[in-house]
Amino acid sequence: MKYYPNTSLKYEQGFSIVINNMTIPIENSTCYFFDYDKRSQSVNMEFPHFHIFYEMMILLSPKANHFVEGKCYDMIANDIILLPPSVLHQSVYLPGPPSDRIVIGFMLPKQDTYTNGYSEILSVFNTAQPIYRFHREEQNRLFSRLNEITEMSRNIQNPGVRNLMIHCKFMEFLFLLYSIQNHNQYAPSPENGLKDKMYTITNYIHTHYGEKISLASIADTFYISPYYLSHRFKEVTGYTVVEYIQLTRVKNAQYLLLNSDNKITRISEQTGFSSFSQFNRVFRKFCGMSPSDYKISAHNQTIYGVTLPKDSQ
């Protein structure tokens, strides 16, 4: 593992650290996944996804874009994006050589002696603006903690001691991030052009999907013609407005099916479907199964472990 150019971070393609991936129920566990790898434009996702764990990405390559609940954020090397559970997001890598990045996914116990402390430190994941950009001095302080974690993973032989040390060092990293958050230098780029307009509309859909929204109502809200919106929206996103609304509702319904005790009929109402029959029909269209079957299938596959797909970032 070597220092990456123009940063104090050490990097090795394909390096990873996994702690408690499969053996302990998520709600009672401390789980980590560190993934040091690269992604190219060819793996760009068609639609935002979400996780049931906390996630951060550190971009090492010169530039990429990240969409969070429909809003586009420009990223440059050494930027850190913080994503809390259940937030729809999407990485977009640019044409050219694959982009190097580090992704860290983790879960902390929901009930623990230190729950209140965790909640306060994790508040950095819930700010209005999810990108953190620091001057070199702050970067070096933060990244030195991650470098220590990689060294611990390689050099401490006892797995119990190793995992505990990595957890403690990562808590130190989070606390430092929490303490310097006011030094954040990131400023979103001003909106400009057709793409920004359409992604402003996707952000509107992500924040109003539970309401009665339609092509006509969105066009009226943004003072543009339904015809223009229909054509330009699909040109930019690859989806019709109706498809995008439906898929956003389904993605949020998936999260509620796995992470709430609400009845399926209640989830149908919460996610903006006009009737339970419509919910079933649209859910089957995108997922290939009913909401109840999805809940059973997904819980059997994921509830006892943190599964981080390799193409997630």
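As a reminder, the structure under discussion sits directly above these lines.
Since this is a predicted model, take the numbers as computed values, not measurements.

Engineer: Teacher, can you tell me more about the sheet that holds strand β3 (residues 15-19) here?
Structural biologist: Backbone-to-backbone hydrogen bonds join strands into a sheet, with any given pair of strands oriented parallel or antiparallel. Strand order in the open sheet formed by six strands is β3-β4-β10-β5-β8-β11, and the pairing between neighbours is antiparallel. Across the chains shown, the open sheet's two edge strands, defined by having one partner strand only, are β3 and β11 (131-132). Helix α2 (residues 136-155) contacts β3, β4 (31-39), β5 (54-59), β8 (80-83) and β10 (99-107) of the sheet and is inclined by roughly 80 degrees relative to β3. Contacts from helix α3 (residues 159-179) reach β3, β4, β5, β8, β10 and β11 within the one sheet, and its direction differs from that of β4 by about 70 degrees.

Engineer: Mind showing me how you'd approach the pattern of salt bridges here?
Structural biologist: Side-chain pairing between opposite charges can occur once the charged atoms of the two side chains come close. Applying the stated criterion across every chain, the model contains twelve salt bridges. R101 is paired through a salt bridge with D35; the nearest N and O atoms lie 3.0 Å apart. Separated by 66 residues along the polypeptide, R101 in strand β10 and D35 in strand β4 bring together distant segments of the chain. For the pair R101 and D35, one class covers both residues: buried. With a closest N to O distance of 3.7 Å, D100 and K38 form a salt bridge. Linking D100 in strand β10 with K38 in strand β4, this pair joins segments that are 62 residues apart in sequence.

Engineer: Is there a simple way to explain the sheet that holds strand β6 (residues 63-68) in this structure?
Structural biologist: Spatial strand order, β7-β6-β9: three strands in an open sheet with antiparallel pairing. Every other strand in the sheet has two partners, leaving β7 (71-76) and β9 (89-92) as the edge strands with one partner each. Here the average twist between neighbouring strands, direction ignored, is 20 degrees. By the bridge criterion, six bridges tie β6 to β7 in an arrangement that is antiparallel. Of the residues in β7, the one forming a bridge with K63 is I76.

Engineer: Just checking my understanding: could you explain the nonpolar core for this structure?
Structural biologist: Nonpolar side chains tend toward joint burial in soluble globular proteins. Within the largest apolar cluster, 39 residues are counted, with the highest numbers of intra-cluster contacts made by F34, M56, F106, F125, L142, F170 and L174. Those elements that provide at least two residues to this core are β3, β4, β5, β8, β10, α1 (115-121), α2 and α3. Beyond its immediate stretch of four places on either side in the chain, F34 contacts F15, S16, I17, V103, I104, I149, I166 and F170. Among the nonpolar cores identified, the runner-up in size contains 20 residues, and F67, I201, Y204 and F233 belong to it.

Engineer: What's the story with the environment of E151 in this structure? I'm lost.
Structural biologist: Relative to the assigned elements, E151 resides in helix α2. A residue is classified by how much of its surface remains accessible, and E151, at 29% relative accessible area, is partly exposed. Separated by 150 residues in the primary sequence, E151 and M1 have C-alpha atoms spaced 9.2 Å apart.

Engineer: Sorry, what's going on with helix α9 (residues 276-287) here?
Structural biologist: Turn by turn, an α-helix covers 3.6 residues, leaving residues three or four places apart pointing in a common direction. Counted at 1.5 Å a residue, the expected span for α9 with its twelve residues is 16 Å, and the 16 Å between its end C-alpha atoms agrees. Here α9 has its buried residues at Q278, F279, N280, V282 and F283. Looking at the residues trailing α9, positive phi occurs at G288, about 75 degrees.

Engineer: Help me understand unusual backbone geometry in this model?
Structural biologist: A negative phi angle is the norm for most residues apart from glycine, just as the trans form is the norm for most peptide bonds. Unlike most non-glycine residues, S86 shows phi in positive territory, near 80 degrees. Within the secondary structure, S86 is located in the loop between β8 and β9. The class for S86 is partly exposed, based on a relative accessible area of 25%.

Engineer: It is not clear to me how the pairing of β9 should be interpreted in this structure. Could you clarify?
Structural biologist: Looking along a regular strand, one sees the side chains alternate between the two faces of the sheet. Of the two faces of β9, the one lined by H89 and S91 and the one lined by Q90 and V92 are each fully buried. Pairing analysis gives four bridges linking β6 to β9, with the strands arranged antiparallel. Counted as the bridge partner of N65 is V92 from β9.

Engineer: I would appreciate a short explanation of the packing of helix α4 (residues 193-208) against helix α7 (residues 241-259) in the present structure.
Structural biologist: Packed helix pairs are characterised by how far apart their axes lie and by the angle those axes make with each other. In the contact formed by α4 and α7, the axes pass within 9 Å of each other and the chain directions differ by 40 degrees. As summarised for this structure, α4 and α7 are arranged oblique, according to the angle between their axes. Read as a crossing pair, α4 and α7 show a hand that is right-handed. Of the residues in α7, those touching α4 at T202, I205 and H206 are Y244, I245 and T248. Class assignment for the residues of the contact of α4 with α7 results in three nonpolar, three polar and no charged.

Engineer: Looking at this model, I keep getting lost on the packing of aromatic side chains. Mind explaining?
Structural biologist: How two aromatic rings sit relative to each other is set out by the distance from centre to centre and by the angle between their planes. Scanning all chains against the criterion turns up 23 aromatic pairs. On the basis of an interplanar angle of 75 degrees and a centroid distance of 5.7 Å, the ring pair of F279 and F283 is categorised as edge-to-face. Placement of the pair is F279 and F283 together in helix α9, with a separation of four residues, close to one helical turn. One exposure class covers both F279 and F283, and it is buried. Between F283 and Y294 the ring centres are 5.5 Å apart and the planes differ by 70 degrees, which places this aromatic pair in the edge-to-face class. Of this pair, F283 sits in helix α9 while Y294 sits in helix α10 (residues 291-302), and the two are eleven residues apart along the sequence.

What counts and what doesn't
- Residues numbered from 1 in each chain as written.
- Predicted model: local features only at pLDDT ≥ 70, side-chain atom pairs only at ≥ 80, totals over all residues.
- Heavy atoms only, no water.
- Pairing = 2+ DSSP bridges.
- Helix = DSSP H or I, 4+ residues; strand = E, 2+ residues; numbered from the N terminus.
- Contact = heavy atoms within 4.5 Å.
- Axes fitted to C-alpha atoms, helices over the stretch in contact; angles between N-to-C directions.
- Salt bridge = Lys/Arg side-chain N within 4 Å of Asp/Glu carboxyl O.
- Buried < 20%, exposed > 50% of the residue type's maximum accessible area, 1.4 Å probe, protein only.
- Core = buried A, V, L, I, M, F, W, Y, C linked by side-chain atoms within 4.5 Å.
- Expected span 1.5 Å × (residues − 1).
- Parallel < 35°, antiparallel > 145°, perpendicular 65-115°, else oblique.
- Left-handed = near helix turned anticlockwise from the far one by under 90°.
- Nonpolar A, V, L, I, M, F, W, Y, C, P; charged D, E, K, R; others polar.
- Phe/Tyr/Trp six-rings, centres within 6.5 Å; stacked < 30°, edge-to-face > 60°.

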